[in-house]
Amino acid sequence: MKTGFLNGAALAAALVLLAAGGPWLARQIGSLPRAGALSARANQKIVTLEVGGMTCSGCASAVRTQIAALDGVAAVEVRLGQRRAYVVCDPAVPDSALTAAVGRAGPGFLGVVVSR
């Protein structure tokens, strides 16, 4: 008798959690990249740049625009809070071109490669 009550309570709790967290979980699953998108980037490199001089979202946008304008750059994500830019690009794109693009974003911007 006690086991049946506990099973029912567990089932009710699971349904409440699913109802509360289901939409969030669906958004998270929907945001995952598709298999084709991942395989298309298999031969690309990811470069992490530390970016000095960014103080606002406008600065981050300027850095993103300059890096994205380079030939061979597939994706750019600039995180103001971390002072970093994450770049997905062809292996032929030199690191110096990425750091130069950061410098072109505005006076006082400096990009340094942290990892590849």
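Further up the page is the structure itself.
Conventions we followed
- Residue positions are counted from 1 within each chain, in the order its sequence is given.
- In keeping with the predicted nature of the model, local features appear solely for residues at pLDDT of at least 70, side-chain atom pairs appear and are counted solely at 80 or more, and the whole-chain, interface and lining totals rest on all residues.
- For side-chain calculations, the full set of non-hydrogen atoms in the structure is used, while hydrogens and water are omitted.
- Throughout, disulfides are identified as pairs of cysteine sulfur atoms within 2.5 Å of each other.
- For every residue, the accessible area (1.4 Å probe, protein chains only) is compared with the maximum for its type, and the residue is labelled buried under 20%, exposed over 50%, or partly exposed between those bounds.
- Residues belong to one nonpolar core when they are buried, are Ala, Val, Leu, Ile, Met, Phe, Trp, Tyr or Cys, and are joined through side-chain atoms within 4.5 Å.
- In this description a helix means any DSSP run of H or I spanning at least four residues, a strand means any run of E spanning at least two, and both kinds are numbered starting from the N terminus.
- Whether two residues are in contact is decided by their heavy atoms, any of which lying within 4.5 Å being enough.
- The span expected for a helix works out to 1.5 Å for each residue beyond the first.
- Note on bend: the value at a residue is the angle between axes fitted to the seven residues ending there and to the seven starting there.
- Arc definition: it is the arc formed by the directions from the helix axis to the C-beta atoms.
- Here, any two strands with at least 2 DSSP bridges between them count as paired.

**Q** Whenever I open this one, the state of the cysteines confuses me. Can you help?
**A** Put plainly, two cysteines are in a disulfide when a covalent bond ties their sulfur atoms together. The full count for this structure, using the stated rule, is zero disulfides. The thiol of Cys56 is unpaired, and the distance to the nearest cysteine sulfur, on Cys59, comes to 3.5 Å. Residue classification places Cys59 among the buried residues on the basis of a relative accessible area of 13%.

**Q** Is there a simple way to explain the nonpolar core in this structure?
**A** Note that soluble globular proteins tend to have their nonpolar side chains buried in a common cluster. Grouped together as the largest cluster of nonpolar side chains are 21 residues, with contacts concentrated most on Leu49, Met54, Val63, Ile67, Val73 and Leu98. Contributions of two or more residues to this core are made by β1 (45-52), α3 (57-68), β2 (73-79), β3 (84-89) and α4 (95-104). Looking at which element gives the most residues to this core, the answer is α3, with four residues. Each residue touching Met54, except ones within four places of it in the same chain, is listed here: Cys59, Ala60, Val63, Val78, Arg79, Leu80, Arg83, Arg84 and Phe109.

**Q** Quick question: what am I supposed to make of helix α1 (residues 2-30) here?
**A** Every α-helical turn comprises 3.6 residues, leaving residues that sit three or four positions apart pointing alike. Over its 29 residues, α1 extends 40 Å from the first C-alpha to the last, a length consistent with the 42 Å expected when each residue adds 1.5 Å. Of all the bends in α1, the largest measures some 50° and sits at Gly21, one to four residues before the proline Pro23.

**Q** What am I meant to see in α4 here?
**A** Buried within α4 are the following residues: Asp95, Leu98, Ala101 and Val102. All buried residues of α4 project into a common sector of 125° when viewed along the axis, lining one side. Along its buried surface, α4 packs onto β1, α3, β2, β3 and β4 (110-115).

**Q** How should I be thinking about the pairing of β1 in this particular structure?
**A** Bridging between β1 and β3 involves six bridges; their strand directions are antiparallel. Residue pairing in the sheet places Leu49 in a bridge with Ala85 of β3. Strand direction decides the pairing type here: β1 and β4, joined by five bridges, are antiparallel. Counterpart to Leu49 in the pairing with β4 is Val113.

Read these as geometric descriptors, not functional statements.
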